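# Structural description and commentary
Each chain, written out:
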Amino acid sequence: MTRWVLAHRPAVVLVWVVLTLAGGAMTGSTIDKLTFESRLPDKPSQAANDALAQRFSQTGGKNAPLLLVVTVPEGTALDSGEVREQWGDLITKVTPQGGRSISYASNGGDALVSQDKRTTVALVYPPANRSNVPYEQSLPAIKKTVEQTRIAGSQVELTGQPVLSGRDSGAQRSPIYETLIGALGALVVLALVFASGLAIVPLLMALVAIPTTFLLVRGITEATDVSFIVQYLVALIGLGIAIDYALLVVTRWREERQKPGADGPEPEARRLAVVRSVASAGRAVALSGATVAISLAALVVLPVPFLRSVGYAGLLIPIVSVAVALTLLPVLLYAWGDKLDRPRRAHRPDSRLWGRIARLTTRRPALFAVISGAVLLALAAPVLGLRLGQPATVTLAQGGQPAAAFQRIVDAGFGEGIARPLEVLVRADGADAMNSELGGLEGVAGTVAPADWVRDGQRVVDVWTKGDPSGVDGRSTVTDIMDVTKETPGALAGGGPAQDVDFIDAVYGSLGLILIVVALLTFVVLARTLRSVVLPIKALILNALSTCAAYGVVVLIWQKGYGSEALFGTPAIGAVTIWIPMAVFAFLFGLSMDYEVFILHRIRETHLELAAKGQRDTVVPSVVTGISRTGRLVTSAALILFLAFTALASIPITDVKVFATALAAGIIIDATVVRGLLTPSLVTLLGRSNWWFPRSLGRLLVTTPGQASGPRPHPVGDDPAGSGGKATAPSTKDAPQRTV
């Protein structure tokens, strides 16, 4: 294919220029078509929230209420006529047209009054718009009114999760700024790697890949809803992946240009260097793209449109990046590679530092395996305390007047769950009975069933928990409430907490089957390419460990709060948003496998070369050569991705920060502890069993154990002299793959 690409250079360049310009021109309109909706088809909570939105003017449902609170002075009674009237007038005034509200002054009852009769809370549901700032239109006026109001001399205060979470203000910006920051960091790393004009080549490939991916995402938006988060993933993860794939090919091309037969200025020599580099590094890039695509397929099969859209866009990122690296990049290297590789200097394919590390780990493989394994397990241990759900409201309440107001609500005994009530939709004639039954459940802090919250024969009952609905006790109570509604004909439980329970079931209900399918497909791809049973199994186990370690870091930082303020200037949220672990697995599992593929690809290549020369003990020299020639590459690639994820973490959306933290931690852990220490140690300990590949499995995978269509020293026929390079492709007889 590479020879065909080089023979049709103008056409290849023209196609990519057209795609890039079209994608760039349509990026803005593509972002405008992204949605903030997160639906759960065929789930009771979604049906309830849809009914609430339709019948009650887009109020309530998944959107939490605003909370107004006041504590009157001692000696003043809330049940006095004057105080009741003032409070009722205020709640009526701040309730927008079409909105819903409830207070003790309008039949909210004792549920909205503290035991000491001095503190009261009102719930206000303004009509919401379909964005991540649902109360953007009405909240400024509500704030202004509340700030100007005092009841019995006490200041009324506004709080609630929409205020505490920061979702009450500010429009989302495009990811251009973060992408530029990530690109600048990548350029610095590339300049250190190449020390020549070649540093701009991977960035040019990213400049083509990102707009092209946005163009394809535009096509997806015409068929289905696509989450607004996709814009950040395409821009920043796309930046890192496109640069990584190009970095691998350019590094190999530079190495090939120093080999006999491919080191001259003649067109055939330049062509030979490009063909050889793509045949080896390009094969690794294609394999890496396949593994990333397989893991992202886990999102595509989920019954959650929001995550499916992330999966679709995620699939496009490696596909486009691989296509650019295998078509446009060879053309650029052939035509401009030598001109950009200035100043020209001798290139050492082996890294002295990584060579020393490899020799050290192969001398004491058991010791390094135990130490690095223990580090991984220690980092992964906090995942046992992982708590899925929306951020606990008390963790959002960190400083400021809204935080103090909510804490006063909790201290007054209203329960943390009042910030996120469940909204039960029930037949109007059964609402009072439902209100009484729910109020008697253990863990329920309060219920209200306003007489005017009725439409089309359906009435709303709000019920909230003592503990936060994302906590263990609170979620148990939420489940009990949902069970009661399921037993009541015509009743539906909606609201954020009910949707969280259904979301977890939808995303993780078939998790075991999804993991098995992803692991099996990844094993097949790796086994067919590496001609090994042991190496793919090892890769899968290490990837699982590094992913768990990334989860552990997220739990420590964002759930426990060790460093969230120092690193991000954001308080810990006390829980990990439900979709994040699944999305992290889909992206990180594939991205981590990239480095495993790069390393094992080079180790196997060296093994084939040594086996072709008749050397029997190939394991240690193959590991040392493989690590020394990929260590610097993997470290640079990981650093570039880390910088991209760091830029992603600067997006002013907490969920995106948590997601980026997991990816950044996972990539660094994987590139250092796993690939730098644990992989060479285990490959050394496994010895010749690394290359065990039964003929029966080879026939099943439509390949043969004795013939490698995967990595090889040089493609047959690329060297005009047949042996002008340092090694020739081993034949089946020269490099048997079965070990007895």
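Placed above this text is the structure.
Residues numbered from 1 in each chain as written. Predicted model: local features only at pLDDT ≥ 70, side-chain atom pairs only at ≥ 80, totals over all residues. Heavy atoms only, no water.

## Here we look at the overall build of the protein
- When helices and strands are tallied, the protein shows 25 helices and 11 strands.
- Taking 2.2 N^0.38 as the reference for a compact globule, 740 residues should give roughly 27 Å; the C-alpha atoms of the protein span a radius of gyration of 30 Å, in line with that estimate.
- Counting the 740 residues in the protein, one finds 59% classified as buried.
- Across the protein, contacts joining residues at least 24 apart in sequence account for 79% of those joining residues at least 6 apart. (Helix = DSSP H or I, 4+ residues; strand = E, 2+ residues; numbered from the N terminus. Rg over C-alpha atoms; globule rule 2.2 N^0.38 Å. Buried < 20%, exposed > 50% of the residue type's maximum accessible area, 1.4 Å probe, protein only. Contact = heavy atoms within 4.5 Å.)

## With respect to the packing of helix α23 (residues 619–648) against helix α24 (residues 654–686)
- α24 packs onto α23 with a crossing angle of 175° between their chain directions and a minimal axis gap of 10 Å. One way to sum up the angle between α23 and α24 is to call them roughly antiparallel. The segment α23 lies against α24, with Val-619, Val-620, Val-623, Ile-627, Val-634, Ala-638, Leu-641, Phe-642, Phe-645 and Leu-648 engaging Val-656, Phe-659, Ala-660, Leu-663, Ala-664, Ile-667, Ile-668, Ala-671, Arg-675, Pro-680, Val-683 and Thr-684.
- Grouping the amino acids of the contact of α23 with α24 by side-chain chemistry returns 20 nonpolar, one polar and one charged. (Axes fitted to C-alpha atoms, helices over the stretch in contact; angles between N-to-C directions. Parallel < 35°, antiparallel > 145°, perpendicular 65-115°, else oblique. Nonpolar A, V, L, I, M, F, W, Y, C, P; charged D, E, K, R; others polar.)

## What to know about the pairing of strand β10 (residues 458–465)
- The element β10 is largely enclosed, with a buried count of eight among its eight residues.
- The alternating pattern of β10 places Gln-458, Val-460, Asp-462 and Trp-464 and Arg-459, Val-461, Val-463 and Thr-465 on opposite faces, both of which are buried.
- Here six bridges tie strand β7 (residues 422–427) to β10, and the two strands are oriented antiparallel to one another. Looking at β10, one finds that Val-426 is bridged to Arg-459.
- In this sheet, β10 lies alongside strand β8 (residues 444–448) in antiparallel orientation, the contact comprising four bridges. Looking across to β10, one finds that Val-448 is bridged to Asp-462.
- Across two bridges, the pairing between strand β9 (residues 454–455) and β10 is antiparallel. Within β10, the position partnered with Val-454 by the bridge is Arg-459. (Pairing = 2+ DSSP bridges.)

## Structural notes on the sheet that holds strand β2 (residues 100–102)
- With antiparallel pairing, the four strands of this open sheet are ordered in space as β2-β3-β1-β6. The open sheet terminates on both sides in strands that have one partner only, identified here as β2 and β6 (157–159). Taking the axes of each pair of neighbouring strands and ignoring which way they run, one obtains an average angle of 20° across the sheet.
- Where strand β1 (residues 66–71) meets β6, three bridges bridge the pair, whose relative direction is antiparallel. Within β6, the position partnered with Leu-68 by the bridge is Leu-158.
- The sheet contacts of helix α15 (residues 401–411) involve β1, β3 (119–125) and β6, and relative to β6 the element is tilted by about 90°.

## Comments concerning α24
- Of all the bends in α24, the greatest, near 40°, is centred on Val-674.
- Among the 33 residues that make up α24, 26 are buried, leaving the element largely enclosed by the rest of the structure.
- Looking one or two places after α24, you find Gly-687, whose phi comes out positive at around 60°. (Bend = angle between axes of the 7 residues up to and from the residue.)

## Here we look at the packing of aromatic side chains
- Applying the stated criterion to the full structure yields eight aromatic pairs.
- Three or more aromatic residues joined by ring pairs make a cluster, and in this case those are Phe-306, Trp-579, Phe-587 and Phe-659.
- One cation-aromatic arrangement involves Arg-100 over Phe-56; the distance from NZ or CZ to the ring centre is 5.2 Å.
- Against the face of Tyr-125 rests Arg-100, its NZ or CZ located 4.7 Å from the ring centre. (Phe/Tyr/Trp six-rings, centres within 6.5 Å; stacked < 30°, edge-to-face > 60°. Lys NZ or Arg CZ within 6 Å of the ring centre and 35° of its normal.)

## Some details on a positive patch on the surface
- Together, Arg-348, Arg-352, Arg-356, Arg-359, Arg-363, Arg-364 and Arg-632 give the surface a local cluster of positive charge.
- Looking at the positive patch, the element that brings in the most residues is helix α12 (residues 352–363), giving four residues.
- Inspection of the secondary structure puts Arg-364 in the loop between α12 and α13 (365–380).
- For Arg-364, a relative accessible area of 52% puts it in the exposed group. (Patch = residues over 30% accessible without salt bridge, like charges linked within 9 Å, V, L, I, M, F, W, Y side chains within 5 Å. Areas by Shrake-Rupley, 256 points an atom, 1.4 Å probe, with all protein chains shown as cover. Salt bridge = Lys/Arg side-chain N within 4 Å of Asp/Glu carboxyl O. Lys, Arg positive; Asp, Glu negative; His and termini not counted. Charge placed at Lys NZ, Arg CZ, Asp CG, Glu CD.)

## Here's the deal with the environment of Arg-84
- Along the chain, Arg-84 turns up in helix α4 (residues 81–94).
- Residue Arg-84 is classed as partly exposed on the basis of its relative accessible area, which comes to 34%.
- Once the C-alpha coordinates of Arg-84 and Ala-48 are considered, the two residues, 36 residues apart in sequence, prove to be 33 Å apart.
- Among all residues touching Arg-84, those that are not within four sequence positions of it are Leu-78, Asp-79, Tyr-104 and Ala-105.
- One polar contact links the side chain of Arg-84 to the main-chain carbonyl oxygen of Tyr-104, over a distance of 3.1 Å. (Polar contact = N/O pair within 3.5 Å; in protein donor to acceptor, adjacent residues only side chain to side chain.)

## Brief notes about the packing of α12 against α24
- Look at α12 against α24: their axes get within 9 Å of each other, and the N-to-C directions meet at 45°. Taken together, the axis directions place α12 and α24 in an arrangement best described as oblique. Remark: the crossing between α12 and α24 carries right-handed chirality. Across from Trp-354, Ile-357, Thr-361 and Thr-362 in α12, the residues of α24 making contact are Gly-676, Leu-677, Pro-680, Ser-681 and Thr-684.
- Grouping the constituent residues of the contact of α12 with α24 by class yields four nonpolar, five polar and no charged. (Left-handed = near helix turned anticlockwise from the far one by under 90°.)

## Some points on the pattern of salt bridges
- Enumeration according to the criterion identifies 21 salt bridges in this entry.
- For the salt bridge of Arg-100 with Glu-423, the shortest nitrogen-to-oxygen distance reads 2.9 Å. Of the two residues, Arg-100 sits in strand β2 while Glu-423 sits in strand β7, which places them 323 residues apart along the sequence. In this pair, the class of Arg-100 matches that of Glu-423, namely buried.
- A salt bridge links Arg-257 to Asp-338; its shortest N-O distance comes to 2.6 Å. Of this pair, Arg-257 sits in the loop between α9 (230–256) and α10 (267–300) while Asp-338 sits in helix α11 (residues 305–340), placing them 81 residues apart in sequence. Asp-338 carries the same exposure label as Arg-257, and that label is buried.
- What emerges from the salt-bridge pattern is a single network uniting Arg-252, Glu-256, Lys-259 and Glu-605.

## Some details on the environment of Leu-203
- Mapped onto the fold, Leu-203 is located in helix α8 (residues 200–221).
- For the pair Leu-203 and Ser-280, spaced 77 residues apart in sequence, the C-alpha separation works out to 21 Å.

## Structural notes on the side chain of Thr-71
- Position of Thr-71 among the secondary structure elements: in strand β1.
- Within polar-contact distance, the side chain of Thr-71 engages the side chain of Thr-119 at 2.9 Å.
- A polar side-chain atom of Thr-71 sits 3.1 Å from a polar atom in the side chain of Arg-408.
- Other than its neighbours up to four places away in sequence, Thr-71 contacts Arg-118, Thr-119, Ser-154 and Arg-408.

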